[in-house]
Amino acid sequence: MKGCPAMKNGSTTAKLLAACSLALSALVAHASPSAAEANDDKPVTTSPYNISDPVPDGFRSWEEVNALQERLSTAADQIMNVVDAGDGEGYGSMSVSLQGRRLNLYWKGGRPSARVQTVLNQLTEQGTPIQVAASRYSAAELESAAEALMNSAVAARKTPDPSFSAGARVTSVAPRPDSSGLDVGISGSLERASGLPELRDVQVPISLTQRPETVRTAFSRWNDSAPFYAGGHFSEEMACSTSFATGQSTTAGQGLFMLTAAHCVSDNHPVYTSYGTKMGTVIARMASRDIASIQIPQHSAGYVYNGAPISDLGPLTASRVYGSRRSLPGELVCTSGSYSGTRCSIYVAFVNVTAFDDNGNLVTKLVEGYHMGYDFQPDHLQIARHGDSGGPVEQWAPDHRGVYAKGIISGGVDSGYTVVCSGVGSGECYDTIRWADIKTAEILWGNVTTVPAQ
């Protein structure tokens, strides 16, 4: 197994990864499956997966929640297909309202294009509740304003930094879910942040939120074997988790590649299971999106591990991947990293997030979410921890036997609250994370590998 990355004293990464090699060797020694067990048939869901989180207010079951989400996500994809085809002038954003049981579409001027309106009429006739509202800005206008703001923030970090010495600096920016302006993340004092030079010339309304840099730490599925599943453990420069399979081999349901986080790997480097079995080689990375592709000669598969991270902590199974869905504000999703296991009730707060990581690098097109209680309020429970980076973000299908791919875990965000840790490994845990949207990866490297429902 490969060792831990080199670390600089005093860095955030050093703080979180200092016990990496000891923690990993201990886990492999007494918590991973035996080599003999690796040859057994892999677990596959035969009964509905039970989400243990409390059911959100107003719903009778998680199956009801996910049936509504699937319906609204499918409608959103149909609308975006038309927007992406060139009929999106004035498009602002979309979000899901679970409490209102509807899809919200925001459009500058309030009048969607003719082709989009045709799709809306069809969806309405089919009984899909959609509310169209006028937005103050289009998505393109907000993207341009966000890019200009972050370019100024980058420049401020390259010069003697009066903003940082004043106790505040910009860490992230994201369009508000209703396209009314930008949400700007700030490290340090919000009061002092109002005087930052990079905020003076922003041409759209902004709101400031305390949000430190993304912690780009490597967040078994510990002895996976071919065909490899999402949510397994691997090591290269650091210990991370695998995400969804992509491509299609000659065998149905088996892929040629696997996704993970770019910060976990290096170009053309091999990756291994915790037992030292070579899984494949990194063939592509996009650091600006924090996504990477691993070529898997013995194939990957359209399954994702769900349940506990190791058998000592509870049952583990594998669920079919039915397809993929873009992330929308207001949805509830799950993660399934190799250190935390499956975690649900994650509320999608922002999409199209641009943020600095803890090395000062800009990462774009991220999604941000936090753990939500049954009352739709943040409850600061764990979503992910050291070792979960690169792992899958998923949305359960109504049958709870399969999932839709939503993204690839990128890193944690310090919310300012103490998060009680569980799972395996060492290091901090997070109630707020960011992930790369699965559609970004599919545009680059092809659709996720799927296994149809039975």
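Residues numbered from 1 in each chain as written. Predicted model: local features only at pLDDT ≥ 70, side-chain atom pairs only at ≥ 80, totals over all residues. Heavy atoms only, no water.

Caption draft 1: Up close: the overall build of the protein chain. Of the regular secondary structure elements, the protein chain holds 9 helices and 23 strands. Residue burial in the protein chain is summarised as follows: out of 454 residues, 57% are buried. Of the roughly 18000 Å² that the protein chain leaves accessible, carbon and sulfur atoms contribute 49%. (Helix = DSSP H or I, 4+ residues; strand = E, 2+ residues; numbered from the N terminus. Buried < 20%, exposed > 50% of the residue type's maximum accessible area, 1.4 Å probe, protein only. Areas by Shrake-Rupley, 256 points an atom, 1.4 Å probe, with all protein chains shown as cover.)

Caption draft 2: A look at the packing of helix α3 (residues 62-87) against helix α4 (residues 114-125). The contact between α3 and α4 brings their axes to 9 Å, and the two run at 165 degrees. In terms of their interaxial angle, α3 and α4 are classed as roughly antiparallel. As α3 packs across α4, the resulting crossing turns out to be right-handed. In this structure, α3 contributes Ala75, Gln78, Ile79, Val82, Val83, Ala85 and Asp87 to the contact, and α4 contributes Arg115, Val116, Val119, Leu120 and Leu123. Here the residues of the contact of α3 with α4 sort into 9 nonpolar, 1 polar and 2 charged. (Axes fitted to C-alpha atoms, helices over the stretch in contact; angles between N-to-C directions. Parallel < 35°, antiparallel > 145°, perpendicular 65-115°, else oblique. Left-handed = near helix turned anticlockwise from the far one by under 90°. Contact = heavy atoms within 4.5 Å. Nonpolar A, V, L, I, M, F, W, Y, C, P; charged D, E, K, R; others polar.)

Caption draft 3: A look at the state of the cysteines. Tallying each qualifying case throughout the model produces 3 disulfides. Two residues, Cys334 and Cys344, share a disulfide whose sulfurs are 2.1 Å apart. Of note, the bridge from Cys334 to Cys344 carries an S-S torsion of about 105 degrees and is right-handed in sense. Here Cys334, found in strand β16 (residues 332-337), pairs with Cys344, found in strand β17 (residues 341-356); they are 10 residues apart in sequence, far enough to count as distant. Judged by relative accessible area, which is 3%, Cys344 ranks as buried. Between Cys421 and Cys429 runs a disulfide, and the two sulfur atoms are separated by 2.2 Å. One quick way to see it: the torsion about the S-S bond of Cys421 and Cys429 is about 130 degrees, and its sign makes the bridge right-handed. (Disulfide = S-S within 2.5 Å.)

Caption draft 4: Fine view of the side chain of Asp431. Here Asp431 is to be found in the loop between β22 (429-430) and β23 (432-437). Despite being buried, Asp431 has no salt bridge partner; Arg211 is the closest side chain of opposite charge, sitting 9.8 Å away. In terms of polar contacts, Asp431 uses its side chain to reach the side chain of Ser415, at 2.9 Å. For Asp431, the side chain forms a polar contact with the side chain of Thr432, separated by 3.1 Å. Excluding residues that lie within four positions of it along the chain, Asp431 makes contacts with Gly369, Tyr370, His371, His380, Leu381, Ile383, Val413, Ser415, Tyr417 and Val419. (Lys, Arg positive; Asp, Glu negative; His and termini not counted. Salt bridge = Lys/Arg side-chain N within 4 Å of Asp/Glu carboxyl O. Polar contact = N/O pair within 3.5 Å; in protein donor to acceptor, adjacent residues only side chain to side chain.)

Caption draft 5: Quick peek at the pattern of salt bridges. Tallying each qualifying case throughout the model produces 11 salt bridges. The shortest N-O distance in the salt bridge between Arg326 and Asp77 comes to 3.0 Å. The closest approach of N and O atoms between Glu442 and Lys439, which form a salt bridge, is 3.3 Å. Note that Glu442 and Lys439 are positioned in helix α9 (residues 438-445) at a spacing of 3 residues, about one turn of the helix. Relative accessible area serves as the criterion here: at 21%, Lys439 is assigned to the partly exposed category. Several salt bridges share partner residues, and in doing so they unite Asp183, Arg211, Glu368 and Arg434 into one network.

Caption draft 6: Broad picture of the nonpolar core. Core analysis: the largest hydrophobic core is formed by 45 residues, its most contacted members being Ile79, Met94, Leu98, Leu103, Leu105, Val116 and Phe244. Counting residues per element, the ones that place at least two in this core are α3, β1 (91-97), β2 (102-108), α4, β14 (291-307), β16, β21 (402-412) and α9. Among the elements that line this core, the one with the most residues is α3, at 10 residues. Excluding its chain neighbours within four sequence positions, the residues that come into contact with Ile79 are Met94, Leu103, Val116, Val119, Leu120, Leu123 and Ile130. (Core = buried A, V, L, I, M, F, W, Y, C linked by side-chain atoms within 4.5 Å.)

Caption draft 7: Layout of helix α5 (residues 139-158). Helix length check: α5 (20 residues) gives 29 Å between terminal C-alpha atoms against 28 Å at 1.5 Å per residue, within 8%. Among the residues of α5, Leu142, Ala145, Ala146, Leu149, Met150, Ala153 and Ala156 are the ones counted as buried. Here the buried residues of α5 occupy an arc of 130 degrees about the axis, which is enough to place them on one side. Within α5, the exposed residues directed more than 90 degrees away from the buried face are Ala140, Glu147 and Lys158. (Expected span 1.5 Å × (residues − 1). Arc of directions from axis to C-beta.)

Caption draft 8: Up close: the side chain of Asp183. Relative to the helices and strands, Asp183 is located in strand β5 (residues 182-188). Given a relative accessible area of 7%, Asp183 falls into the buried group. Looking at Asp183, its side chain comes within polar contact range of the side chain of Arg211, at 2.7 Å.

Caption draft 9: Spotlight on unusual backbone geometry. For the bond running from Ala226 to Pro227, omega is -5 degrees, close enough to zero to count as cis. The residue Pro227 is located in the loop between β6 (206-210) and β7 (228-230) in this model. Phi is positive for Arg101, close to 55 degrees, though the residue is something other than glycine. Of note, Arg101 is situated in the loop between β1 and β2.

Caption draft 10: Broad picture of the sheet that holds β2. Pairing within the open sheet is mixed, and its 3 strands lie in the order β1-β2-β3. For this open sheet the edge positions go to β1 and β3 (130-135), each flanked by a neighbour on one side alone. Ignoring which end each strand starts from, the neighbouring axes of this sheet average 20 degrees apart. (Pairing = 2+ DSSP bridges.)

Everything listed here is a matter of coordinates, which is why it stays silent on function.
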